[in-house]
Amino acid sequence: QVQLVESGGEFVQPGDSLRLSCAASGGTFSRLSMGWFRQEPGKEREFVAALTWSFGSTIYADSVKGRFTISRDNAKATLYLQMNSLKPEDTAIYYCAAHPSPNYRGINYTYWGQGTQVTVSS
């Protein structure tokens, strides 16, 4: 059983940077495939980025490529999402997700956090 807790969401202005964190517990973090998703009110959950255990392979949604960076610190059992050049369109609740398969590349993750709110507005 894996528990995920997101943090770092804030109210920021367009162009600002923000780093989200996801602390994991209850499993072998280094063996988990991890991902970030986001959801705006009235819209479906959207894939943002993913990082697999195998070779640290990364995948990004077209809307965030070049601006967001997903990374993990196995020693701290923590997943990060560095967000730069934030836009109002990035406003959403961001969720951390995990899958037990080291090389999982799908979107049906097994474990989910409760989310952290990111608001980008002037």
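Only a predicted model underlies this, so the values are computations on that prediction, with no experimental measurement involved.

### A short note on the pairing of strand β3 (residues 18-25)
For step 1, the next point in the chain: As paired elements, strand β1 (residues 3-7) and β3 share five bridges and run antiparallel to each other. Within β3, the residue paired with E6 across the bridge is C22.
For step 2, the next point in the chain: Judged from the six bridges that link them, β3 and strand β8 (residues 78-83) form a sheet pairing that is antiparallel. Counted as the bridge partner of L18 is M83 from β8.

### Some points on the state of the cysteines
For step 1, the next point in the chain: One pass over the full model with this rule turns up one disulfide.
For step 2, the next point in the chain: Between C22 and C96 runs a disulfide, and the two sulfur atoms are separated by 2.0 Å. Across the S-S bond linking C22 and C96, the dihedral sits near -75 degrees, which makes this disulfide left-handed. Highlighted residues: C22 in strand β3 and C96 in strand β9 (residues 92-99), separated in sequence by 74 residues. A single burial state applies to C22 and to C96, both of which are buried.

### Observations concerning the sheet that holds β3
For step 1, the next point in the chain: Taken in spatial order, the four strands of this open sheet run β1-β3-β8-β7, and their pairing is antiparallel. If you trace the sheet from one side to the other, it starts and ends with β1 and β7 (68-73), each paired once. Adjacent strand axes in the sheet meet at a mean angle of 15 degrees, parallel and antiparallel pairs treated alike.

### Structural notes on the nonpolar core
For step 1, the next point in the chain: Within the largest apolar cluster, 30 residues are counted, with the highest numbers of intra-cluster contacts made by L4, M34, W36, L79, L81, M83 and Y94.
For step 2, the next point in the chain: With sequence-adjacent residues up to four places away left out, L4 is seen in contact with C22, A23, A24, M34, C96, A97, A98, Y111, W112, G113 and Q114.
For step 3, the next point in the chain: Listed in part, the five residues of the second largest apolar core include F37, A97, Y104 and Y109.

### Brief notes about unusual backbone geometry
Backbone phi values are negative for most residues with the exception of glycine, while trans is the configuration of most peptide bonds.
For step 1, the next point in the chain: Of note in the backbone geometry, A77 takes a positive phi value of approximately 50 degrees without being a glycine.
For step 2, the next point in the chain: The residue A77 is located in the loop between β7 and β8 in this model.

### Structural notes on the environment of Y109
For step 1, the next point in the chain: Relative to the helices and strands, Y109 resides in the loop between β9 and β10 (111-112).
For step 2, the next point in the chain: Each C-alpha atom, one on Y109 and one on E10, is 25 Å from the other, the two residues being 99 residues apart in sequence.

### Quick notes on the pattern of salt bridges
For step 1, the next point in the chain: A full pass over the atoms with the stated rule returns five salt bridges.
For step 2, the next point in the chain: Between E46 and R38 there is a salt bridge, with the nearest N and O atoms lying 3.0 Å from each other.
For step 3, the next point in the chain: We classify R38 as buried; its relative accessible area is 5%.
For step 4, the next point in the chain: Two residues, R67 and D90, come together in a salt bridge whose shortest N-O distance is 2.8 Å. Residue R67 is located in the loop between β6 (58-60) and β7, and its partner D90 is located in the loop between β8 and β9; the two are separated by 23 residues in the primary sequence. Taken individually, R67 and D90 each receive the classification buried, so the pair is uniform in this respect.
For step 5, the next point in the chain: Through salt bridges with shared partners, a single network forms among R38, E46, R67 and D90.

About the thresholds
- Residues numbered from 1 in each chain as written.
- Predicted model: local features only at pLDDT ≥ 70, side-chain atom pairs only at ≥ 80, totals over all residues.
- Heavy atoms only, no water.
- Pairing = 2+ DSSP bridges.
- Helix = DSSP H or I, 4+ residues; strand = E, 2+ residues; numbered from the N terminus.
- Disulfide = S-S within 2.5 Å.
- Buried < 20%, exposed > 50% of the residue type's maximum accessible area, 1.4 Å probe, protein only.
- Axes fitted to C-alpha atoms, helices over the stretch in contact; angles between N-to-C directions.
- Core = buried A, V, L, I, M, F, W, Y, C linked by side-chain atoms within 4.5 Å.
- Contact = heavy atoms within 4.5 Å.
- Salt bridge = Lys/Arg side-chain N within 4 Å of Asp/Glu carboxyl O.

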